[in-house]
Amino acid sequence: MRALFVAVALLTVAPFGAWAEKPDLTAGQDAPLDHPGFGALKWGAPIKAVYQVYPELKKRYRPAEVVKALRAGKVVVLSLPVVFKDQPFTARLHVEPEGLHRVDLTREIPFAPDAPKPEQVLAPIVGNLPKPDEQPKRQVWKGGKTVLVSTTEPLATSTRIELAFINAERYRPEEAGGSLSID
């Protein structure tokens, strides 16, 4: 996979109060499977629209370099801290030459007596959704416009939660095989 991974912004780098310029992420929160995108961005949104919705990305990633990578046919991954359903996450926006096609939200919950459990973090996000296709530590909700994949991974000192909002037209299950196009 051709991908250009640009420096990742970690939640610990920017304190919660530093997120003064929070874009409106409420669009699609109540029905994310029927929303054709993530927040104010629609699937296929060009990089210019991504920069308009998240102007702080221009400060983190030089627009000329991002445009150059996209013209070369690469996927650009842009990271920034966001608040989604009143919870802090690191968002990674996957933009390809055809536009935005995936948004990943990641959060690590440290092992501590007062820390929320992963299911407490996920409940407000996935609580209204129908029963998912379940696999161990991975749940998939397939919608007409968006597919939501929730993955929980235990780490040494924390648990990582990742939510992937994927354009339903571009979604491909991990276990699906690919064609080698060999005749």
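Preceding this section is the structure that the text describes.
Since this is a predicted model, take the numbers as computed values, not measurements.

Undergrad: Please clarify how helix 4 (residues 118-126) should be interpreted in this entry.
TA: Structurally, the α-helix is built with 3.6 residues per turn, so residues lying three or four positions apart point the same way. Those residues of helix 4 that fall on the buried side of the exposure criterion are P118, V121, L122, I125 and V126. Down the axis, helix 4 shows its buried residues gathered within 105 degrees of arc, on one side only. Contacts from the buried residues of helix 4 go to strand 4 (75-84), strand 5 (87-96), strand 6 (99-110), strand 8 (138-142), strand 9 (146-154) and strand 10 (158-167).

Undergrad: It is not clear to me how the side chain of R107 should be interpreted in this structure. Could you clarify?
TA: Tracing the backbone through its elements, the reader meets R107 in strand 6. One buried charged residue, R107, remains without a salt bridge, the closest side chain of opposite sign being E108 at 10 Å. A distance of 2.9 Å separates the side chain of R107 from the side chain of Q87, its partner in a polar contact. Contact partners of R107, with chain neighbours within four places excluded, come to Q87, P88, F89, P116, V121, T159, R160 and I161.

Undergrad: Can you help me understand the pairing of strand 10 in this one?
TA: Remark: a regular strand shows side chains that alternate across the two faces of the sheet. Judged by how many residues are buried, strand 10 sits mostly within the fold: eight of ten residues are covered. For strand 6 and strand 10, the ladder comprises nine bridges, and the chain directions are antiparallel. Each residue of the ladder has a partner; that of P110, found in strand 10, is S158. Across nine bridges, strand 9 lies against strand 10 in antiparallel orientation. If you follow V149 over to strand 10, its bridge partner there is A164. Adjacent in sequence and paired antiparallel, strand 9 and strand 10 are bridged by three residues.

Thresholds applied
Residues numbered from 1 in each chain as written. Predicted model: local features only at pLDDT ≥ 70, side-chain atom pairs only at ≥ 80, totals over all residues. Heavy atoms only, no water. Buried < 20%, exposed > 50% of the residue type's maximum accessible area, 1.4 Å probe, protein only. Helix = DSSP H or I, 4+ residues; strand = E, 2+ residues; numbered from the N terminus. Arc of directions from axis to C-beta. Contact = heavy atoms within 4.5 Å. Lys, Arg positive; Asp, Glu negative; His and termini not counted. Salt bridge = Lys/Arg side-chain N within 4 Å of Asp/Glu carboxyl O. Polar contact = N/O pair within 3.5 Å; in protein donor to acceptor, adjacent residues only side chain to side chain. Pairing = 2+ DSSP bridges.

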